[in-house]
Amino acid sequence: MASTKKRKVDTEGRSFQEKWTNDYFFVEVKGKPMCLVCGNALAVMKKANLERHYSSKHAELKELGGQVRLDKIRALQQSRAPQEVTLATPCCAGSNIIQASYVVSELIARKLRPHVEGEFVKDCMVAAAKLLAPDKVKLFESVSLSQRTVSDRIADLAQDIEKTLQDSVGDFQFFSLACDVTTDITDTVQLAVFIRGITAEFDTREELLSLEALHSPASGEDLFERLVLSMKNLELTFEKLSGLTTDGALATVASQEGLIAFVKKEWHHLSLDPSDLVICHSITQQESLWAQSSRLSDVMSTVLACVNFVKSRGFNSLQLKELLSELDSEYSDIVHHCEVRQLSHGNLLVRFYELRNEVKQFMEMKGRPVRELSDSQWLCDLAFMVDITKHLSELTVKLQGPNQLLSNLLSNVKSFEAKLKLWKMQLERNNTVHFPTLEGQKPSTTLEYAGECAKLGEAFHERFKDVKSKQMELNIFATPFNVEPAHVPDNLQHEIIDLQSDDELKARYNNLPLLEFYKRYVGNAEFPTLRRHALKYASVFGTTYCCEQFISKLAMAKSRLHSRLTDVSLEKQLRVATHQYRLTSHTSPKRSSSSHHIRDYLRCCLETLKMEPVEVTGDSMKRSLSIDEHNDLAQADEAKRQKVSECCLTKDQDNDYVVSSEPVTRQSETITAREGRNNVKAQIEEEEEEEEDELLKEEEEDKDGKGESFADMMKHGLTEVDAGITKFVSSHQSFSGILKERYSDFIIHEIGKDGRIRYLDNLSMPMDDEDLSKDTVTVLTEEDKQRLEELQLFKNKEASVAIKITFCCRLLKTPKKKEQLSIKQ
């Protein structure tokens, strides 16, 4: 016999019809029809169910018609609106408190402030609340911002970011790495590794991969081992590695023992071609460029010696400021050099050059004259360095910012190299039109400065020779309509011809950003090889700007006053601080809202403490119940201030209870279920059909895997929603519980007055010290017992049975002279 296929409620495509509101006093609430009169919600959106409910419970409403009926419906709708808001608001208070705690902790991490400042922020919030919102003071006081709590919150945020990155790594078609090596305030070598990945849809993501602390002098091999360990933690493979960008430090660029050398050896070991790896170095480390010229190095050394003499002693700095004030100088102080902020080189040199006469006078006053400040040739060298550093700073500014492409870097570098050639030719002819500071010194010859421009050009060529070797590949990626098809690799020639022959694609290319053009119009079906080529070169870091910004934040986070910050805590705080998006508003498209509860707590900012209405769902209720116990008082106070409607509990003839959410103040105006019991049989059929429909829906959810398992419930505890309780008679706080299953959960230890634990060592029935059976008095007659038995078996239809009992008491004297009363009923 063939099995009958069960009916699926969700696939029937039922929808609520507006005419049902006028016909049966029903409205749609959360996808279910709800009666405006009694507040009951039916399981299935069927006209027959609504009509049966209306006819059986509210038949007297049929007499209402015309405008009177419409007024009645409008009044019922208006009376239910404030109830939904009132019932929704108290449940979100605890969740908002947790949200506020996470939001403030995130701000502390982003501003790189000490975790202990969370308590100070809380004091400020409470003080402001006392003036602006006195009725919300206790709510602000319930926000936990202790040092331990802030640290835990930041750890949760960092873990969530790392988990999101781990989930995104599987979608990366290619990725590149950017490495920067620095030393913190405690002389610990810190290796910062950033990752830039790209998906098949040209969505890029830049994130901190790891911060590795090396407590010994770091070699290229040490850096490589830490890099491999970071990649293994996220299951990254070298096969998808498209490029490696470094800061140009010796430990990374050394030809034999540098980090790049070890990476290429690993590619050889994996039978990969190292020439396919794009290698790029930063240009912001200007010290390495000046090292090519002894003239420029000597100038910078002299300038730093003078500045350090002034700034290293507070009294010297005050004297210089007073001197500048007396001389009515344009500047009030000299700029202090900071190696972390690369642009400070140019500012330092400009300020020092402007104050060269004042600095010379001050150094002579201190008995440490600087001979170079009186040398005209040295001043010309200083002026040239001011101008050339200004040009380098302009190039650095162009390369700053996130999501820079490698093609932009190469274009800016080639432009600067062309300028160097032009300056070299002009300086050979004593033309200083592009060097205004040098022109002010009126040098007799500028031939030596032409040589400096040539050396700087050679340094640029050496630093970017690996990128220049990829010139053709970058041209195919950045300007596919301008390359010659015969000069491109064989596997791209046909696709390049097809692309260049399409005039519409050329118009789109001119009007859209490069990655947006590839994403929309270079499809994988028509141009598979070209699209993959673009993915590879779009994934390469254009600059080490993210690393440079990170190093600046590292210096702020681990400073002289906060040098005891552990390596783990430092990495977590910097991971949050360098995250591109505000965690309160950003949600990764690859993550569901239930995958990590941190995302749910961070959906709104601090303004969520205003207790805005939030829809109550099963998930939100479970999360709100997981707050700390110290927040319960704030919830209770907030619930008292809310006007919670009282509900009336009615009982049907079949002993089933129905909760009505109509306010007590309107009970006299509404027609309750007690007045509509004219058709008991129809009511029973309706409820049986609804119960069957609900069971069918639950079976379908279990089959689809949508229902929550018992193990998942035990993780957060059973709530009223899990037990089927959705409405309450009175206002109260929600609570959760768990089911005890282990044997050890039921062991109870009794403690005696002496403080010792009493163990159960005898399972036999306890015996009375004295047999009192002979003193038992029977108070019921045989006739009374018969009547009680009939009442128990429902044979007696009387409402009650009255039995007159006379108690007989007798005092019993024990051998210890204590009085006891023994009466057995």
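Conventions we followed
- Residues numbered from 1 in each chain as written.
- Predicted model: local features only at pLDDT ≥ 70, side-chain atom pairs only at ≥ 80, totals over all residues.
- Heavy atoms only, no water.
- Helix = DSSP H or I, 4+ residues; strand = E, 2+ residues; numbered from the N terminus.
- Buried < 20%, exposed > 50% of the residue type's maximum accessible area, 1.4 Å probe, protein only.
- Contact = heavy atoms within 4.5 Å.
- Core = buried A, V, L, I, M, F, W, Y, C linked by side-chain atoms within 4.5 Å.
- pLDDT = per-residue confidence, 0-100.
- Phe/Tyr/Trp six-rings, centres within 6.5 Å; stacked < 30°, edge-to-face > 60°.
- Pairing = 2+ DSSP bridges.
- Axes fitted to C-alpha atoms, helices over the stretch in contact; angles between N-to-C directions.
- Expected span 1.5 Å × (residues − 1).
- Salt bridge = Lys/Arg side-chain N within 4 Å of Asp/Glu carboxyl O.

Undergrad: What is the right way to look at the overall build of the protein in this model?
TA: Looking only at helices and strands, the protein features 33 helices and 13 strands. Taking all 825 residues of the protein together, 43% fall into the buried category. In the protein, of all internal contacts separated by at least 6 residues, the share reaching a separation of at least 24 is 66%.

Undergrad: I'm lost on the environment of Leu236 in this one. Help?
TA: With respect to the helices, strands and loops of the structure, Leu236 is situated in the loop between helix H8 (220-233) and strand S6 (241-246). By relative accessible area, Leu236 is classed as buried at 10%. Taking the C-alpha atoms as reference points, Leu236 and Phe172, separated by 64 residues in sequence, lie 9.7 Å from one another. Residues contacting Leu236, with those up to four places away along its chain left out, are Val169, Phe175, Ile195, Leu209 and Met231.

Undergrad: I tried to follow the nonpolar core on my own but got confused; where do I start?
TA: The tendency in soluble globular proteins is for nonpolar side chains to be buried as a group. Phe352, Leu382, Phe384, Phe460, Phe477, Tyr518 and Leu530 are the most contacted members of the largest nonpolar core, which totals 81 residues. Residue contributions to this core peak at 11 residues, all from helix H16 (residues 376-398). The contacts of Leu530, once residues within four sequence positions are left out, are Ile476, Leu492, Glu495, Ile496, Leu499, Tyr518 and Val522. Core analysis: the next-biggest nonpolar cluster, separate from the first, contains 29 residues, Ile195, Leu227, Ile260 and Phe262 among them.

Undergrad: Teacher, can you tell me more about the confidence of the model for the protein here?
TA: Regions with low pLDDT carry predicted coordinates that are not meant to be interpreted in detail. Of the residues in the protein, 68% reach a pLDDT of 70 or more, and the chain-wide mean stands at 75. Low pLDDT, under 50, characterises residues 1-6; the predicted model gives this stretch 2 contacts beyond four residues in sequence or across chains.

Undergrad: Even after reading the chapter, I still don't get the packing of aromatic side chains, so can you show me in this structure?
TA: Any aromatic ring pair is given by two values, namely how distant the centres are and how the planes are angled relative to each other. In this structure the tally under the stated criterion is 18 aromatic pairs. Both rings, one in Phe16 and one in Trp20, keep their centres 5.5 Å apart while their planes meet at 90°; by these two values the pair is edge-to-face. The exposure classification of Phe16 matches that of Trp20, with both residues buried. With centroids separated by 5.1 Å and ring planes inclined at 35°, the aromatic side chains of Phe416 and Phe460 adopt a geometry described as tilted. Residue Phe416 is located in helix H17 (residues 406-428), and its partner Phe460 is located in helix H19 (residues 447-463); the two are separated by 44 residues in the primary sequence.

Undergrad: Which parts of the structure should I look at to understand the sheet that holds strand S3 (residues 172-183)?
TA: The mixed open sheet is built from 5 strands, whose spatial order is S5-S4-S3-S6-S7. Pairing within the sheet leaves two strands with one partner each, and these edge strands are strand S5 (204-214) and strand S7 (278-281). Neighbour-to-neighbour, the strand axes of this sheet turn through a mean angle of 20°, independent of strand direction. Taken together, the 5 bridges between S3 and S6 define a ladder with parallel strand orientation. Along S6, the bridge assignment pairs Leu177 with Leu244.

Undergrad: Please explain helix H26 (residues 545-557) as it appears in this structure.
TA: Counting along an α-helix, one turn takes 3.6 residues, and residues three or four places apart therefore face a common direction. Taking 1.5 Å per residue as the helical rise, H26 with its 13 residues ought to reach 18 Å, and the 18 Å between its terminal C-alpha atoms agrees with that figure. The complete set of buried residues in H26 reads Cys546, Cys547, Glu548, Phe550, Ile551, Lys553, Leu554 and Ala557. Where H26 is buried, its residues meet S3, strand S4 (189-199), S5 and helix H27 (567-577).

Undergrad: Please clarify how the pairing of S6 should be interpreted in this entry.
TA: Moving residue by residue along a regular strand, the side chains alternate between the two faces of the sheet. Extensive coverage of S6 is indicated by the burial of 6 of its 6 residues. Pairing between S6 and S7: 4 bridges, direction parallel. When the bridges of S7 are listed, Thr245 appears paired with Cys280.

Undergrad: What exactly am I supposed to notice about the environment of Leu234 here?
TA: Checked against the element boundaries, Leu234 lands in the loop between H8 and S6. On the basis of relative accessibility, which here comes to 6%, the residue Leu234 falls in the buried class. Along the primary structure Leu234 and Leu165 are separated by 69 residues, whereas in three dimensions their C-alpha atoms are 8.4 Å apart. Here Leu234 is in contact with Leu165, Gln166, Val169 and Leu209, once residues within four sequence places are set aside.

Undergrad: What is the right way to read unusual backbone geometry from this model?
TA: Leaving glycine aside, a negative phi is the common case for residues, and trans is the common case for peptide bonds. Look at Leu112: it is not a glycine, yet its phi comes out positive at around 60°. You can see Leu112 is positioned in the loop between helix H4 (93-110) and helix H5 (117-132).

Undergrad: What's the story with the side chain of Ser105 in this structure? I'm lost.
TA: Position of Ser105 relative to the elements: it lies in helix H4. Residues within four places of Ser105 in sequence aside, it is in contact with Leu145, Val150, Arg153 and Ile154.

Undergrad: It is not clear to me how the pattern of salt bridges should be interpreted in this structure. Could you clarify?
TA: Pairing between side chains of opposite charge can happen when their charged atoms approach one another. The final tally for this structure, using the stated rule, is 19 salt bridges. Note that Arg74 and Asp71 form a salt bridge whose closest N and O atoms lie 3.0 Å from each other. Linking Arg74 with Asp71, this pair stays in helix H3 (residues 66-88), spanning 3 residues, or about one helical turn. The partly exposed category is assigned to Arg74, whose relative accessible area is 40%. Residue classification places Asp71 among the partly exposed residues on the basis of a relative accessible area of 35%. Of the charged contacts, one joins Arg113 and Glu117 as a salt bridge, the two residues approaching to 2.9 Å between their closest N and O atoms. Judged by relative accessible area, which is 40%, Arg113 ranks as partly exposed.

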